[in-house]
Amino acid sequence: MTQPKNKVVIFLGPPGAGKGTQAERLAAEQHLVKISTGDILRDHQDRGTELGQRIKPIMDAGQLVPDDILIALIRDRLADMEGVRVIFDGFPRTSAQAEELDVLLEELGAPVNHVPLLEVPDELLIERIVARGKKAAEDGGTGRSDDTEEVARKRQEVYRKQTQPLIDYYGARGQLKHIDGVGSMDEVYGRIQDGMK
Ligand code: AMP
């Protein structure tokens, strides 16, 4: 089967909902490029770039990195793509980012196709994030410096205030699909696939 030249999927959902894991699998199976802004920003920190140093305190506090930085990163990332076959994981996170993304995608002639929203109850989200932090420590790594209970709670609060409005933004356009994010990885993945039919 030939793949359409463009396909744009945006994974929405709170921190800890499983967006990264599910997006990874969907990207592999559907030959899409996963663009995870959290990963890109952490990579800047690891490499000690000027940007990395500037954003570290913001990310460690569970706050959002300024919109102009994110928009420039995404613009760069999409600039030299042949076709736009992407999954966004963790972007957009504010209305300004969503609006800019629309402008950018319009320029590229690649409108948004699907917006799965992974829904998981708050307490389970915190549990998952704290478990992820502990597991990284047990595995001998340093893990993510923002995977602590305190920062996880802050990230949920930031999500509610700044990112939740995007549910209406995409909902109003009929692109949003509510996905129950509780269950095994396979179960949730199956629901995402059904939602994209
Ligand atoms: P994530 O890996 O998606 O949980 O992102 C980790 C952190 O990176 C967030 O808590 C923010 O500080 C920052 N970040 C990632 N994506 C964005 C975005 N789209 N807008 C602003 N900040 C972001």
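Notes on the structure follow.

Along the backbone of the protein chain there are nine helices and five strands. Starting at the N terminus and walking to the C terminus, you meet the elements of the protein chain as β-α-β-α-α-α-β-α-β-α-α-α-β-α. Relative to the globule expectation of 16 Å for 197 residues, the C-alpha radius of gyration of the protein chain, 16 Å, shows essentially globular dimensions. Taken along the three principal axes of its C-alpha coordinates, the protein chain extends 45 × 40 × 30 Å.

Here we take up the site of the ligand. Looking at the ligand, there are 16 residues lining it, with Thr37, Gln63, Gly90, Arg93 and Gln97 nearest. Take Arg42: an N or O atom from its side chain is 3.0 Å from an oxygen atom of the ligand. Within the complex, 96% of the 480 Å² of free accessible area of the ligand lies under protein. If one sorts the elements of the shell around the ligand by residue count, helix H2 (residues 37-47) sits on top with four residues.

To continue, consider the packing of aromatic side chains. Under the criterion given, the structure shown has two aromatic pairs. Summarising the aromatic geometry, the rings of Phe88 and Phe91 are spaced 5.8 Å apart at their centres and angled 50 degrees between planes, so their arrangement reads as tilted. Here Phe91 falls in the buried class, since its relative accessible area comes to 2%. A ring pair is formed by Tyr169 and Tyr170, whose centres lie 5.0 Å apart and whose planes are at 85 degrees; its orientation type is edge-to-face. For Tyr169, a relative accessible area of 22% puts it in the partly exposed group. Overall, Tyr170 belongs to the buried group, its relative accessible area being 0%.

The next subject is the side chain of Gln97. Inspection of the secondary structure assignment puts Gln97 in helix H5 (residues 95-108). Look at Gln97 and you get buried, because its relative accessible area is 2%. Of note is the side chain of Gln97, whose polar atom sits 2.8 Å from the backbone nitrogen of Arg93.

The next subject is unusual backbone geometry. At the junction of Phe91 and Pro92, the peptide bond is cis and its omega measures out at -5 degrees in the coordinates. One can find Pro92 in the loop between strand E3 (85-89) and H5. Phi angles above zero are rare outside glycine, and His31 is one such case at about 50 degrees. With respect to the secondary-structure elements, His31 resides in the loop between helix H1 (19-30) and strand E2 (33-36).

Definitions and limits used
Residues numbered from 1 in each chain as written. Predicted model: local features only at pLDDT ≥ 70, side-chain atom pairs only at ≥ 80, totals over all residues. Heavy atoms only, no water. Helix = DSSP H or I, 4+ residues; strand = E, 2+ residues; numbered from the N terminus. Rg over C-alpha atoms; globule rule 2.2 N^0.38 Å. Near = heavy atom within 4 Å. Polar contact = N/O pair within 3.5 Å; in protein donor to acceptor, adjacent residues only side chain to side chain. Areas by Shrake-Rupley, 256 points an atom, 1.4 Å probe, with all protein chains shown as cover. Phe/Tyr/Trp six-rings, centres within 6.5 Å; stacked < 30°, edge-to-face > 60°. Buried < 20%, exposed > 50% of the residue type's maximum accessible area, 1.4 Å probe, protein only.

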